[in-house]
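The residues making up each chain are set out below.
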Amino acid sequence: MTERTRKTRDRIIEAAAEARDEALIEMGKAAEERQSVRQAKARRQTQMRAAAAVAATGAMLAAAALVRKRQRARKAPAVVPPGAAED
């Protein structure tokens, strides 16, 4: 193999390696973008679940407070009008 042939072959190999590296970098960037989209979607879903849990907890607490208020109202002593006879 002549010196010129060897240099040409080395340049071709280097160009192919460079093209391969650039293609891998582009594929990596595309994969990274897809991964960031998936992560954002997962974060949104987690936040929505957390918000739903907070809303459900608030609703349960409000319902419990209403039940407690009604229980207290039933146990409250009857109001005796003024001037009414007491037993």
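Up top is the structure these notes are about.
To start, this report covers the structure provided alongside it. (Residues numbered from 1 in each chain as written. Predicted model: local features only at pLDDT ≥ 70, side-chain atom pairs only at ≥ 80, totals over all residues. Heavy atoms only, no water.)

### Thoughts on the overall build of the chain
Then, in step 1: The number of helices and strands found in the chain is one helix and zero strands.
Then, in step 2: Taking all 87 residues of the chain together, 0% fall into the buried category.
Then, in step 3: In the form shown here, the chain has an accessible surface area of approximately 8,200 Å², with 60% of it arising from carbon and sulfur atoms. (Helix = DSSP H or I, 4+ residues; strand = E, 2+ residues; numbered from the N terminus. Buried < 20%, exposed > 50% of the residue type's maximum accessible area, 1.4 Å probe, protein only. Areas by Shrake-Rupley, 256 points an atom, 1.4 Å probe, with all protein chains shown as cover.)

### Quick look at the pattern of salt bridges
Then, in step 1: Inspection of every chain in the model, using the stated rule, returns five salt bridges.
Then, in step 2: A salt bridge links Arg6 to Glu3; its shortest N-O distance comes to 2.4 Å. Of this pair, Arg6 and Glu3 both sit in helix 1 (residues 3-75), separated by three residues, roughly a single helical turn.
Then, in step 3: Residue classification places Arg6 among the partly exposed positions, given a relative accessible area of 33%.
Then, in step 4: In this structure Glu3 comes out as partly exposed when scored by relative accessible area, which is 44%.
Then, in step 5: Through salt bridges with shared partners, a single network forms among Glu3, Arg6, Arg9 and Asp10. (Salt bridge = Lys/Arg side-chain N within 4 Å of Asp/Glu carboxyl O.)

So yeah, pure geometry; function would need other evidence.
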